[in-house]
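Here's the letter readout for the chains.
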Amino acid sequence: MQKCLSSVVSVVAVTGSTQSSGSGVIVYRNEIQGFVYVITNYHVICNESTHEIADDIVAFLYGREGVKYDGVSGLQLNNVVYVGGSPQDDIAILKVYISSELWSKTCATVAKIGDSSRLAVGTAVGAIGNSKGHGIALTRGVLSMDSEYTKFQRPDKINSASHVRVLRYDAYIINGNSGGGLFNVNGELIGIVNASATEANFYYAIPVDVAYGIYQNVIANCTSTNLVAERIGLGVRVA
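Below: a short report on this structure. Since this is a predicted model, take the numbers as computed values, not measurements.

In this section: the overall build of the chain. Across its full length, the chain holds two helices and 13 strands. The buried share among the 239 residues of the chain stands at 54%. Expressed as a percentage of contacts within the chain between residues at least 6 apart in sequence, the contacts between residues at least 24 apart total 61%. On the chain, roughly 11,700 Å² of surface is accessible, and the fraction owed to carbon and sulfur atoms is 49%.

Laid out in structure tokens, this is it:
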């Protein structure tokens, strides 16, 4: 489980004087061109007042969180590009450029993608994220529900809700963990940490089968003028 730490990044989103912290998980690495793709929650990078993507997004690799947000760290301001996402699924994809001196065995590790369709209740899990915005931390628990739906407020629209399929578990999370990874004991990514439940000690994660599918969709279909993942539509005509 400790090996998973270097696949999780801290994310800071800034709009004007407003700053919020979250997490993300590295799912692709291109060392030649010097970037990684990161899956995070849409609400992590969407300003809650304007309902727009934050003006600036900054990412910190594991072990670099001590360098406070100031645009100086080897991970410079504007080093993160929002590629696209799905607001109704609360998933966003980031392209993070990383300076050459930070490529090493101990940072920018690609998460091993698991299979959330084969999970069983009682499976041991670990949640890794940027807890309280203070740096990458790990908590452990078990899977309480392998599939259910929860309702959440869409971050991109006012008074608009969306129903999302989630995993339920009891590994403690707090503000800043959103967008981080839920892993099994084999170190495989099985979900993207999303939210806490209204009931005490229950938390939610978007299944990796959903989140990774959106990532593939975004990479294949999103452009500079189309930042929303394509959705399958069924045409029906009533005669």
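Put simply, the largest pocket is a space of about 670 Å³. Along its surface, the largest pocket is lined by 35 residues, and His43, Val44, Asn175, Ser178 and Asn194 are the ones closest to its centre. Per element, the largest residue contribution to the lining of the largest pocket is four residues, and it comes from strand S9 (residues 136-153). Residues belonging to the lining of the largest pocket are distributed by class as follows: 14 nonpolar, 16 polar and five charged.

What follows concerns the side chain of Glu188. Tracing the backbone through its elements, the reader meets Glu188 in strand S12 (residues 188-196). Each residue touching Glu188, except ones within four places of it in the same chain, is listed here: Lys112, Gly114, Leu182 and Phe183.

Of note, Glu52 is situated in the loop between helix H1 (42-45) and strand S4 (56-60). Counting along the chain gives 105 residues from Glu52 to Lys157, while the straight-line C-alpha distance between them is 9.0 Å. If sequence neighbours within four positions are ignored, Glu52 has contacts with Ile45, Cys46 and Asn47.

Calculation notes
- Residues numbered from 1 in each chain as written.
- Predicted model: local features only at pLDDT ≥ 70, side-chain atom pairs only at ≥ 80, totals over all residues.
- Heavy atoms only, no water.
- Helix = DSSP H or I, 4+ residues; strand = E, 2+ residues; numbered from the N terminus.
- Buried < 20%, exposed > 50% of the residue type's maximum accessible area, 1.4 Å probe, protein only.
- Contact = heavy atoms within 4.5 Å.
- Areas by Shrake-Rupley, 256 points an atom, 1.4 Å probe, with all protein chains shown as cover.
- 1 Å grid on protein atoms, 1.4 Å probe; cavity = no way out; pocket = protein on both sides within 12 Å on 5 of 7 lines; lining within 4 Å.
- Points joined across faces, edges and corners; volume = space filled by probe spheres on them.
- Nonpolar A, V, L, I, M, F, W, Y, C, P; charged D, E, K, R; others polar.

Any functional reading would require information beyond the geometric quantities listed.
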